[in-house]
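Given next are the chains, with one letter for each unit.
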Amino acid sequence: MSPERNTKQPVSSAKDPMDALAINTMRTLAMDAVQAANSGHPGTPMALAPVAYCLWQNHLRYDPGDPVWPNRDRFVLSCGHASMLLYSLLHLAGVKSVNEDYEALGTPAVSLDDIKKFRQLHSKCPGHPEYRLTSGVETTTGPLGQGVGNSVGMAIAGRWLASRYNQPGFEDIIDYNVYAICSDGDMMEGISHEAASIAGHLRLSNLCWVYDNNRITIEGSTELAFTDDVAERFMAYHWNVVRVGDANDIELLERAYHTFLETNDRPTLIIVDSHIAWGSPNKQDTAGAHGEPLGEDEIRLTKKFYGWPEDQKFLVPDGVYEQFRKKIGRRGKELRDAWFQKLEGYKAKYPALADELYKIQHRELPDGWDKDIPSYPADPKGQASRNTSGEVLNAVAKNLPWLIGGAADLAPSTKTLLKNVDSFEAGSYGGRNMHFGIREHAMGAILNGMATVKVRPYGSGFLIFSDYGKTPIRLAAIMELPVIYVFTHDSIGVGEDGPTHQPIEQLPSLRATPGLMVIRPCDANEVAEAWRVVIPQKHKPAAFILSRQNLPTLDRSKYAAASGLAKGAYVLADAPDGKPDVILMGTGSEVSLCVEAYETLTKEGVKARVVSFPCWELFEDQDQAYRDSVLPPDVMARVSVEQASSFGWAKYVGARGATIGMRTYGASAPLKDLLKEFGFTADRVAEEARKQIELHAR
Ligand SMILES: Cc1ncc(C[n+]2csc(CCOP(=O)(O)OP(=O)(O)O)c2C)c(N)n1
Ligand SMILES: [Mg+2]
């Protein structure tokens, strides 16, 4: 079957001629912007213009003047390649920009000039919508499937906030809905299966996905690779499924949105059949015709069909801005103003809850959030860092009510269960223990969606499976969302489970993610410090890398205080005169090996220093003087020890330094045998130290 093609989008069935004019304005802006950039996807924004227009104008509870109003409906464009659809809406609806402190600036979020500079440096209209860069963009999309995943997190956060903050007389303080527009690609990606499955299970009736069933992707018809019965699939996930046979049929679209609004026990999928506009007949058979500019001639023809001045570019006809002001503008402002008025009454009646809501929205913490974080006495046996982390997490959660999270079915292993706290489940949306199921990828995207709503989410699993959810991790870093990942079973230390479960390259790969704080604490007190550093972060995601096996708790009266963790790396033990001949550095379980080797070397009269190095990202943030004080440039005899790929350590040990790490996968065996086999012993560390001193003395 050849894909159906239709360059000229039929004029929509809008009754008000101004609606039709506004819809065609969105389409022509998309054509012109993509043509000017000479790259991008014009077809989908054109085809979906009526779908999004109808939603924004008639349903979205959204005030363009205040795009951070906490109870606004969320709109996610999961098919981020259709970004011009969102940019034209943000522009025409007059959405205002907001600064880092969430204050409305009065300037447009997207100016016509930004649209003219679509995909150019410093434009507010980058190739794919970017959260933080452009006000009104609720989440960064582009990697297909992420947006729909985020939308589930937004819906979850909405349900949780409603459960805690809606009170008698104030039942609608939080009652926003979440809409996501998605495409064939979103539907094919595995993450949409995971996300839809958990959304259906949780019966998130505040969630609506609009699926653009245009039956075409880049290589051609979906017949090539995708013949799922999407409706059946979603019904099996316990979704309500509605069909709209024609994307231009405003009446059918209206009916579908109403059905969503009236459905109170499950999420809704609206399947919209559409035809993509994708270039003239002579371009149809060339590879890449889908997702390319239409070309000047085609644009002229299309504009003629719309009754548009053929040579005018970026035209917004008279009355179009007014049409948006009259509908979404007026409705949104009224709703928003009424909400803030209501909030005054709420503040009077429920001051403590109102204060929490304020703090959540500003990413502030309750006073005394850290008062129950324990400190740990020296203990040669110690405990696993995952266990300490569970204790510290619980100590923090007690005083930070909007810390919410869970595991991908591994809470007994990751120790992330909050004690004396309910589960977040369908019909019990006040719980804070999330059960993501074995869905690492969706978990990551859900955490991102929750973080955009500004509750404080965490997710957990085995470090090895962080790869399953890597894209959401990097998107959290791009979006600067303070998501917390608790990754346990951090090394070949998992022993008998063998190479499939022993992380090797995961640590360097996470460390290579710009902006992600990867923290591998060496003992119980470093774990406590790590949480102390991470929780106040407003714009940085963090990953805790924790052991399954016990780690001795260092005697901090003998060695330096764990508060050094805040600087990423610190001198734990030093040569008596502070002038070491060799530096031993390690993270996590390997720090105690360094300490043991240090004691041996010291007895031999060798002047050694131990550097505990829990977080590269934090260390790189320190000034040169501090970094030199930890790693003096004139001491090049250096040894690093870490049970992971040694990739990257040369940066700190130098080209002639020694790295004790992994250059192969691990093996299935008891831990003590593995440590010997792969050289993670204090003797080996001491031996490499002696060799280093000799090498650098030459
Ligand atoms: C995870 C991911 N893989 C691949 C791509 C590259 N890509 C961009 S658009 C697209 C296909 C578009 O087809 P569809 O999702 O049906 O959207 P439509 O073109 O119909 O709007 C692909 C493969 C991507 N953006 N994300
Ligand atoms: Mg498609």
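In this convention, every chain numbers its residues from 1, walking through the sequence in written order. Numbering of ligands from 1 and lettering of chains from A proceed in the order in which they are written. pLDDT decides what is reported in this predicted model: residues at 70 or higher carry local features, side-chain atom pairs at 80 or more are listed and counted, and totals for whole chains, interfaces and linings draw on all residues regardless. The basis for every side-chain value is the complete set of heavy atoms in the structure, and neither hydrogens nor water enter the calculation.

We count a stretch as a helix when DSSP gives it H or I for four or more residues in a row; a strand needs E for two or more, and each element gets its number in order from the N terminus. When helices and strands are tallied, the protein chain shows 24 helices and 22 strands. Note on method: radius of gyration uses C-alpha positions; expected globular size equals 2.2 Å times residues raised to 0.38. Taken over C-alpha atoms, the radius of gyration comes to 28 Å for the protein chain, in line with the 26 Å a tight globule of 698 residues would show. Overall size of the protein chain, expressed as C-alpha extent along the three principal axes, is 90 × 60 × 45 Å. Within the protein chain, the fraction of its 698 residues that count as buried is 61%. Residue exposure (1.4 Å probe, protein chains only): buried if accessible area is under 20% of the type maximum, exposed if over 50%, otherwise partly exposed.

Orientation of helix α1 (residues 17–37) relative to helix α11 (residues 320–349), taken along the N-to-C sense of each, is 115°, at an axis distance of 9 Å. In terms of axis orientation, α1 runs roughly perpendicular to α11. Between α1 and α11 lies a crossing whose hand is left-handed. Contact residues: Met18, Asp19, Leu21, Ala22, Thr25 and Met26 in α1; Val320, Gln323, Phe324 and Lys327 in α11. In this classification, the charged set is Asp, Glu, Lys and Arg, the nonpolar set is Ala, Val, Leu, Ile, Met, Phe, Trp, Tyr, Cys and Pro, and all remaining amino acids, among them Gly, are polar. Looking at the contact of α1 with α11 residue by residue, the class counts come to 6 nonpolar, 2 polar and 2 charged. Throughout, an axis means a line fitted to C-alpha atoms (over the contacting stretch in the case of helices), and angles, computed between N-to-C directions, take values from 0 to 180 degrees. Here the angle decides the label: under 35 degrees means roughly parallel, over 145 means roughly antiparallel, 65 to 115 means roughly perpendicular, and every other value means oblique. Helix crossings are classified by the rotation of the near helix relative to the far one: an anticlockwise turn of less than a right angle makes the crossing left-handed, while a clockwise turn makes it right-handed. The criterion used for residue contact is that any of the two residues' heavy atoms lie within 4.5 Å.

Backbone hydrogen bonds are what pair the strands of a sheet, in a parallel or an antiparallel way. What the 6 strands build is an open sheet, ordered β12-β11-β13-β14-β16-β15; its pairing is parallel. Here the strands that pair on one side only, and so sit at the sheet edges, are β12 (433–435) and β15 (517–519). Looking at each pair of strands side by side, their axes are set apart by 20° on average, direction ignored. Against the sheet, helix α13 (residues 385–399) engages β11 (403–407), β13 (456–462) and β14 (484–488), with an angle of about 150° to β11. Pairing between two strands requires that DSSP report at least two bridges joining them.

With that settled, the discussion passes to the nonpolar core. Side chains of nonpolar character tend, in soluble globular proteins, to be buried together. Val152, Trp209 and Tyr346 are the most contacted members of the largest nonpolar core, which has 109 residues in total. Among buried residues, the Ala, Val, Leu, Ile, Met, Phe, Trp, Tyr and Cys ones that are joined through side-chain atoms within 4.5 Å form a nonpolar core. Counting 65 residues, the second-largest nonpolar core is a separate cluster that includes Ala33, Val34, Trp56 and Ala256.

This next bit is on the UniProt feature "binding site: Mg(2+)" (unreviewed entry) in the protein chain. The positions that UniProt labels "binding site: Mg(2+)" (unreviewed entry) are, in the present scheme, Asp184, Asn214 and Ile216. Spanning 33 residues, the annotated positions come together in the fold, the maximum distance between their C-alpha atoms being 7.4 Å. Exposure remark for Asn214: the relative accessible area of 10% places this residue in the buried category. When near neighbours in sequence (up to four residues on either side) are disregarded, Asn214 contacts Thr44, Asp184, Ser274 and Ile276. Residue Ile216 is classed as buried on the basis of its relative accessible area of 4%. UniProt positions are given in the numbering used here, feature names are shortened, and annotations may be inferred rather than shown by experiment.

Whenever a carboxyl oxygen of Asp or Glu lies within 4 Å of a side-chain nitrogen of Lys or Arg, that contact is scored as a salt bridge. The final tally for this structure, using the stated rule, is 37 salt bridges. We note a salt bridge from Glu480 to Arg132, for which the minimum N-O separation is 3.4 Å. Within this pair, whereas Glu480 is found in the loop between α16 (470–479) and β14, its partner Arg132 is found in the loop between α4 (112–116) and α5 (146–165), the two being separated by 348 residues in sequence. The residue Lys540 makes a salt bridge to Glu617 at a minimum N-O spacing of 2.9 Å. Taken together, the residues Lys540 in the loop between α18 (524–534) and β16 (542–545) and Glu617 in helix α20 (residues 616–620) connect sequence positions 77 residues apart. Several salt bridges converge on common partners, so that one network encompasses Asp66, Lys333, Arg336 and Asp337.

Burial within strand β5 (residues 207–213) is extensive, with 7 of its 7 residues counted as buried. Of the two faces of β5, the one carrying Leu207, Trp209, Tyr211 and Asn213 and the one carrying Cys208, Val210 and Asp212 are both buried. Pairing geometry for strand β4 (residues 178–182) and β5, over 5 bridges, is parallel. In the strand pairing of β5, Ile181 is matched with Val210. Two strands pair when backbone bridges link them, and β5 and strand β9 (residues 268–273) are joined in this way by 6 bridges, in the parallel orientation.

It is worth spelling out a negative patch on the surface at this point. A patch is a set of surface residues, each over 30% in relative accessible area and not in a salt bridge, joined within 9 Å for like charges and within 5 Å for the nonpolar side chains Val, Leu, Ile, Met, Phe, Trp and Tyr. Per-residue and other accessible areas follow the Shrake-Rupley method at a 1.4 Å probe size, with only the shown protein chains counted as cover for residues. None of His or the chain ends enter the tally, which takes Lys and Arg as positive and Asp and Glu as negative. Charged groups are reduced to one reference atom each: NZ for lysine, CZ for arginine, CG for aspartic acid, CD for glutamic acid. Among the surface-exposed residues, Glu496, Asp497, Asp673 and Glu677 lie close enough to one another that they form a single negatively charged patch. Residue placement: Glu677 occurs in helix α23 (residues 671–678). Looking at Glu677, the relative accessible area reads 63%, which means it is exposed.

Turning our eyes to something else, we now look at the sheet that holds strand β21 (residues 638–645). Taken in spatial order, the 5 strands make up an open sheet running β18-β20-β19-β21-β22, and their pairing is mixed. Both outer strands of the open sheet, β18 (570–573) and β22 (658–662), are each paired with one neighbouring strand and no more. The sheet shows a mean angle of 25° between the axes of neighbouring strands, taken without regard to direction. Here strand β19 (residues 582–586) runs beside β21; their pairing, made up of 4 bridges, is parallel. By the bridge assignment for β21, Gly586 is matched with Val641.

This next bit is on the environment of Leu21. Position of Leu21 relative to the elements: it lies in helix α1. Of the residues examined, Leu21 reaches a relative accessible area of 24% and is grouped as partly exposed. Sequence separation of Leu21 and Tyr306 is 285 residues, and the distance between their C-alpha atoms is 8.7 Å. The contacts of Leu21, once residues within four sequence positions are left out, are Trp308, Pro317, Asp318 and Val320.

What follows is about the side chain of Ser460. Position of Ser460 among the secondary structure elements: in strand β13. Within 3.5 Å is the distance limit for a polar contact, defined as a pair of N or O atoms, with the added protein rule that one can donate a hydrogen and the other accept it, and that residues adjacent in sequence qualify only through two side-chain atoms. A polar contact is formed between the side chain of Ser460 and the side chain of Thr416, at a distance of 3.1 Å.

Turning next to unusual backbone geometry. Glycine aside, negative phi is the norm for most residues, and most peptide bonds take the trans geometry. We note that Arg203 has phi near 55°; this positive angle belongs to a residue other than glycine. Relative to the assigned elements, Arg203 resides in the loop between α7 (190–201) and β5. According to the relative accessible area criterion, Arg203 is partly exposed, its value standing at 32%. Unlike most non-glycine residues, Asn420 shows phi in positive territory, near 55°. With respect to the element layout, Asn420 can be found in the loop between α14 (411–414) and β12.

Secondary-structure assignment places Asn433 in strand β12. The contacts of Asn433, once residues within four sequence positions are left out, are Gly405, Thr416, Leu417, Leu418, Val421, Asp422, Ser423, Phe424 and Tyr458.

Glancing now at the packing of α7 against helix α15 (residues 440–453). With their axes 8 Å apart at the nearest point, α7 and α15 run at an angle of 70° to one another. Regarding the angle of α7 to α15, the classification is roughly perpendicular. Along the contact surface, α7 presents Ile191, Glu194, Ala195 and Ile198, while α15 presents Glu440, His441, Ala442, Ala445 and Ile446. Looking at the contact of α7 with α15 residue by residue, the class counts come to 6 nonpolar, 1 polar and 2 charged.

Right, let's talk about the UniProt feature "binding site: thiamine diphosphate" (unreviewed entry) in the protein chain for a bit. Mapped onto this numbering, the UniProt entry annotates "binding site: thiamine diphosphate" (unreviewed entry) at His81, Gly142, Pro143, Leu144, Gly185, Asn214, His290 and Phe465. Along the chain, Pro143 falls in the loop between α4 and α5. By relative accessible area, Pro143 is classed as partly exposed at 31%. Here Pro143 is in contact with Thr471 and Leu475, once residues within four sequence places are set aside. Within the secondary structure, Leu144 sits in the loop between α4 and α5. Leu144 sits in the partly exposed class, given a relative accessible area of 27%. Residues within four places of Leu144 in sequence aside, it is in contact with Ser78, Cys79, His81, Ser183, Gly185, Asp186, Glu189 and Ile191.

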